[in-house]
Amino acid sequence: MEFKEQFLASRRRFLRNIGVTAGVAAAPLAWSSRVFAEEELVIEGPPMPDIPATEITENVYVIVSPWGFPSEDNQGMMSNVTFAITEKGVVVIDSGASLQIGRMALRQIREITGKPIAAVFNTHYHGDHWLGNHAFVNENPDVPIYAHERTASAIRTNQGDFWVSLMERSTGNAIEGTVVTPPNKVVGHGDEIDFGDLTIRVHFYGTAHTPSDISLELVEKKIVHVGDIAMNNRIAFMDDGSFLGTFKAFDGLEQSVPGAFWIPAHGFPANDLIEHNRIFFQGIYESAEKAVEDMAGPDQAKAYALEDDRVQYYARVTNGFDENIGKYASLAFLEAEAAAF
């Protein structure tokens, strides 16, 4: 038994090292996804309980994740999985946080259609949006997985192992057996992928929630999946992001797809999702700008934010606000300070 555990651990390290090396060049990307996902005999965490898909409009569904950070109780299920049924097959946007969650998503898809998976899209490199790739590559080693170039690079290098380790620790090893399975197709702003009766158009406006967020427009549906650029009743982590960049992304999306219906990766879809996120973020960022003007510091930026009517309104309906407002005020202050000089 000890030998088997050592062998499996060694094999995991070997496969992950191959992915890092292969990721240096663009050509081996499709091959690398197949190699990563073929790891066998690994002890796996428990199956993810089913969450039925919610139909948003004809042939577009969202498996809406409950609120929460990754834990033993939720097994890492903290991010929505969206899918659309097209003439050419099923298009999946964000595959979930584990092999088990990806398998659960596949079960929900198979409850509705037997069509093959035509493509998977990863909106950015945070693990709750791509670790489920493993399940889809297990089903079809040649499935195309699309992401921004920086997202693909990050997953093939430091973000891959980082997120597996983080999710394993956070869930009590519930995601055990999940293998880093990076995207194998690169997309950028304005790219369009034809799925017969549905076109996916890629939007990228620079650093927002991360340096490589893509939003995905379902052109014929006038629906846009915004990833983590905007959330419903939850505040987006900004550790890797930019408030000013987020405003730029909001502007770009609203100008490009006026009147769109917005699907977030966290929370329920809504027509007014961008509007509410903009108001909330403006309250935080403009409070930081005021603190900079007063030559104060991050603590004052937080104090101003807590006094702001916009922030007070959204604080009441935003999960995780109390635990995170100090960090957000500090990040906004640092960005406002940099922008002022």
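All of these numbers come straight from a predicted model, not from anything done at the bench. (Residues numbered from 1 in each chain as written. Predicted model: local features only at pLDDT ≥ 70, side-chain atom pairs only at ≥ 80, totals over all residues. Heavy atoms only, no water.)

### Observations concerning the nonpolar core
- With 40 residues, the main nonpolar core has Val226, Phe243, Trp262 and Ile284 as its most contacted residues.
- At the level of secondary structure, the elements contributing two or more residues to this core comprise β11 (223-227), α7 (243-256), α8 (273-293), α9 (298-307), α10 (309-315) and α11 (321-340).
- With 9 residues, the single largest contributor to this core is α8.
- Formed by 34 residues, the second largest nonpolar core is a distinct cluster that contains Phe83, Val90, Ala135 and Val164. (Core = buried A, V, L, I, M, F, W, Y, C linked by side-chain atoms within 4.5 Å. Buried < 20%, exposed > 50% of the residue type's maximum accessible area, 1.4 Å probe, protein only. Helix = DSSP H or I, 4+ residues; strand = E, 2+ residues; numbered from the N terminus.)

### Focus: the sheet that holds strand β10 (residues 215-218)
- Spatially, the 5 strands line up as an open sheet ordered β8-β9-β10-β11-β12, and their pairing is mixed. Pairing within the sheet leaves two strands with one partner each, and these edge strands are β8 (192-194) and β12 (261-264). Each strand axis lies, on average, 20° off the axis of its neighbour in the sheet, ignoring direction. (Pairing = 2+ DSSP bridges. Axes fitted to C-alpha atoms, helices over the stretch in contact; angles between N-to-C directions.)

### Topic: the sheet that holds strand β2 (residues 60-63)
- Spatially, the 7 strands line up as an open sheet ordered β1-β2-β3-β4-β5-β6-β7, and their pairing is mixed. The open sheet has two edge strands, β1 (54-57) and β7 (185-187), and neither has a second partner. Strand-to-strand twist of the sheet, defined as the mean angle between neighbouring strand axes without regard to direction, takes the value 25°.
- Inspection of the sheet shows β1 paired to β2 by 3 bridges, in the antiparallel sense. Across the sheet, the residue bridging to threonine 54 is valine 62, located in β2.
- This element, helix α5 (residues 149-156), spans β6 (145-148) and β7 of the sheet and lies at about 105° to β6. (Contact = heavy atoms within 4.5 Å.)

### Comments concerning helix α3 (residues 99-112)
- Compared with the 20 Å implied by 1.5 Å per residue over 14 residues, the 20 Å span of α3 between its first and last C-alpha is a close match.
- In this structure, the buried residues of α3 make contact with β2, β3 (81-86), β4 (89-93), β5 (117-121) and α4 (133-139).
- Measuring from the backbone nitrogen of glutamine 100 back to the side-chain oxygen at the start of α3 gives 3.3 Å, which picks out serine 98 as the cap. (Expected span 1.5 Å × (residues − 1). Polar contact = N/O pair within 3.5 Å; in protein donor to acceptor, adjacent residues only side chain to side chain.)

### A closer look at the packing of α7 against α11
- Orientation of α7 relative to α11, taken along the N-to-C sense of each, is 85°, at an axis distance of 9 Å. Considering the angle they form, α7 stands roughly perpendicular to α11. Residues Phe243, Leu244 and Gly245 of α7 lie in contact with α11, whose contacting residues are Tyr328, Leu331, Ala332, Glu335 and Ala339.
- In the contact of α7 with α11, the residues fall into 6 nonpolar, 1 polar and 1 charged. (Parallel < 35°, antiparallel > 145°, perpendicular 65-115°, else oblique. Nonpolar A, V, L, I, M, F, W, Y, C, P; charged D, E, K, R; others polar.)

### A few points about the confidence of the model for the protein
- Residues with a pLDDT of 70 or more make up 88% of the protein, whose mean pLDDT is 90.
- In the predicted structure, residues 1-39 sits below a pLDDT of 50 and forms 54 contacts with residues beyond four places in sequence or in another chain. (pLDDT = per-residue confidence, 0-100.)

### Details of the environment of alanine 329
- Note on placement: alanine 329 falls in helix α11.
- The residues contacting alanine 329, other than those within four sequence positions of it, are Ala288, Pro298, Ala301 and Lys302.

### Observations regarding the pairing of β10
- Burial along β10 is two-sided: the residues Ser215 and Glu217 and Leu216 and Leu218 are all buried.
- Relative to β10, strand β9 (residues 199-203) runs antiparallel, the two sharing 4 bridges. Residue histidine 203 lies in a different strand from β10, and its bridge partner there is serine 215.
- Across 3 bridges, the pairing between β10 and β11 is antiparallel. Residue leucine 216 lies in a different strand from β11, and its bridge partner there is histidine 225.
- Joining the antiparallel neighbours β10 and β11 is a turn of 4 residues, in which lysine 222 adopts a positive phi near 55°.

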